[in-house]
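A closer look at the structure
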Amino acid sequence: MSNWNSIISDEISAAQQYLECGEVVGIPTETVYGLAANALNKEAIVKIFEAKNRPYFDPLIVHIGDGNQLPLYAKNISDKAQHLAAKFWPGPLTLVLERQSNIPDLITSGLDTVGLRMPNHPIALKLLAALNFPLAAPSANPFGYISPTTSQHVMDQLNGKIPLVLDGGPCTIGVESTILRCVNNEVTLLRLGALALEQIEAEVGQIRIEKSNNSNPMAPGMLASHYAPKKPLVVGNIESLLETHSHQKIAVLSFHKTYPATFSRRLSASQNLNEAAQNLFAMLRELDKSDADVILTENLPEIGLGRAINDRLKRAAFKIL
Ligand code: TXA
Ligand code: MG
């Protein structure tokens, strides 16, 4: 396993050189930071799985720099899929489509579909334009842990495992892309994410919602336990949780009001769901580093980005007994 002297850099050409040599680098996107490698190079892809400690049954998203490249990597693209790509790319939407044969099995975990996304981040787009291959990139966190929304988050956990993290500032959205499977003219939601269900349904009508299922995950981001801090996290009514956990050192992550606990963070003082999404993973990381015994948190309104945030909190709270 490589042991790099990892650096954070804002030089796109440095990231480009490593990627062209088949290495793995951290890259900014508008959702979360990704751990990128040449999607058409099997040895490079293996390095992503090793750096993340990711199981090979969890397929990777392929990032493209231009929506017109879609037919290079996917086939039988339905009108609905075409419409969604035209409407929301570049942006926080991943489309799972039938794959072309140039996509390695390692990317898709042997599935006959591939996840594709055109990210909306100026630095990611410049990098993709400079390369003559697409980038496979899962979120740049160790498997199962909270996703990174700054270059420093990536460094904190993958220092030594990759040569470089390309800095693009803090992620403007802060939760991962929404994943839709578009096969046979059907649209199915595989993962709630940064593109709101309401916006998608306004374009293609009501869509099917895949229930998460631990034994046969359609998208392992749907594994019941995921995005989890190391400390136990409880979602509920914060007032009553404060009473039931009064014997413990408490951290609070709230949305509706501010609490005077020692380790207390509020996702958005103005109760703005976009701001809450931006802060979610950074605040969870901070509270996870505190010396509290438990993190108490609450659900947000089930609208817009609130759905994706509630989904991440639920998965962060779930522990297999
Ligand atoms: O916003 C995002 O999507 C970020 C940034 C870096 O683009 N990426 C991200 O990747 O969240 P990752 O690997 O952490 O989550 C991708 C999810 C995985 O749960 C994977 O199972 C699912 O996408 N996925 C990828 N290809 C798939 C396929 N062919 N069928 C079903 N699910 C797929
Ligand atoms: Mg992830």
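Residues numbered from 1 in each chain as written. Chains lettered and ligands numbered in written order. Predicted model: local features only at pLDDT ≥ 70, side-chain atom pairs only at ≥ 80, totals over all residues. Heavy atoms only, no water.

Focus on the pairing of strand E15 (residues 263-266)
On E15, burial follows the alternation: Ser-264 and Arg-266 on one face are buried, whereas Phe-263 and Arg-265 on the facing-out side are not. Pairing geometry for strand E14 (residues 250-254) and E15, over four bridges, is parallel. Following the sheet pairing, Val-252 is matched in E15 by Ser-264. (Buried < 20%, exposed > 50% of the residue type's maximum accessible area, 1.4 Å probe, protein only. Helix = DSSP H or I, 4+ residues; strand = E, 2+ residues; numbered from the N terminus. Pairing = 2+ DSSP bridges.)

Notes on the nonpolar core
Residues Leu-84, Trp-89, Leu-95, Ile-107, Leu-116 and Leu-180 are the most contacted members of the largest nonpolar core, which totals 46 residues. When residues in this core are grouped by element, the largest group, five residues, is from helix H2 (residues 42-52). The next biggest cluster of nonpolar side chains, apart from the first, holds 28 residues, and it includes Leu-253, Leu-273, Leu-287 and Ile-295. (Core = buried A, V, L, I, M, F, W, Y, C linked by side-chain atoms within 4.5 Å.)

Looking at the packing of aromatic side chains
According to the stated counting rule, one finds two aromatic pairs in the structure shown. Consider the rings of Trp-4 and Tyr-18, whose centres lie 5.8 Å apart with planes at 80°: the pair is edge-to-face. With Trp-4 in the segment before strand E1 (7-9) and Tyr-18 in helix H1 (residues 12-20), this residue pair connects regions lying 14 residues apart in the sequence. When its relative accessible area of 29% is taken as the criterion, Tyr-18 is described as partly exposed. Seen in terms of ring centroids, Phe-49 and Tyr-56 are 4.5 Å apart; in terms of plane orientation they differ by 25°. Their pairing is stacked. (Phe/Tyr/Trp six-rings, centres within 6.5 Å; stacked < 30°, edge-to-face > 60°.)

Some details on the environment of Leu-192
Mapped onto the fold, Leu-192 is located in the loop between strand E11 (186-191) and helix H8 (197-204). Placed 119 residues apart in sequence, Leu-192 and Asp-311 show a C-alpha to C-alpha distance of 7.2 Å. The residues contacting Leu-192, other than those within four sequence positions of it, are Ser-177, Thr-178, Arg-307, Ala-308, Asp-311 and Arg-312. (Contact = heavy atoms within 4.5 Å.)

Re the packing of H1 against helix H6 (residues 122-130)
Following both chains from N to C, one finds H1 and H6 inclined at 50°, their axes separated by 10 Å at the closest point. Regarding the angle of H1 to H6, the classification is oblique. By crossing handedness, the relation of H1 to H6 is classed as right-handed. On H6, the residues that touch Ile-12, Ala-15, Gln-16, Leu-19 and Glu-20 of H1 are Ile-123, Lys-126, Leu-127 and Ala-130. (Axes fitted to C-alpha atoms, helices over the stretch in contact; angles between N-to-C directions. Parallel < 35°, antiparallel > 145°, perpendicular 65-115°, else oblique. Left-handed = near helix turned anticlockwise from the far one by under 90°.)

Description of unusual backbone geometry
A cis amide bond links Trp-89 with the next residue in sequence, Pro-90, at an omega value of -5°. You can see Pro-90 is positioned in the loop between helix H4 (79-88) and strand E6 (93-99). Look at Asn-184: it is not a glycine, yet its phi comes out positive at around 55°. By the secondary structure assignment, Asn-184 is in the loop between strand E10 (178-183) and E11. Residue Asn-184 is classed as exposed on the basis of its relative accessible area, which comes to 66%.

Quick word on the side chain of Glu-23
Looking at the secondary structure, you find Glu-23 in the loop between H1 and strand E2 (25-27). For Glu-23, a relative accessible area of 16% gives the class buried. Here the side chain of Glu-23 touches Lys-47 through a polar contact of 3.4 Å, side chain to side chain. (Polar contact = N/O pair within 3.5 Å; in protein donor to acceptor, adjacent residues only side chain to side chain.)

Focus: helix H7 (residues 151-158)
Within the sequence span of H7, burial applies to Ser-151, His-153, Val-154, Met-155 and Leu-158. Residues of H7 that are buried in the fold lie against E1, strand E3 (34-38), H2, strand E9 (164-166) and helix H10 (273-289). Directly after H7, the chain includes Gly-160, whose backbone phi takes a positive value near 95°.

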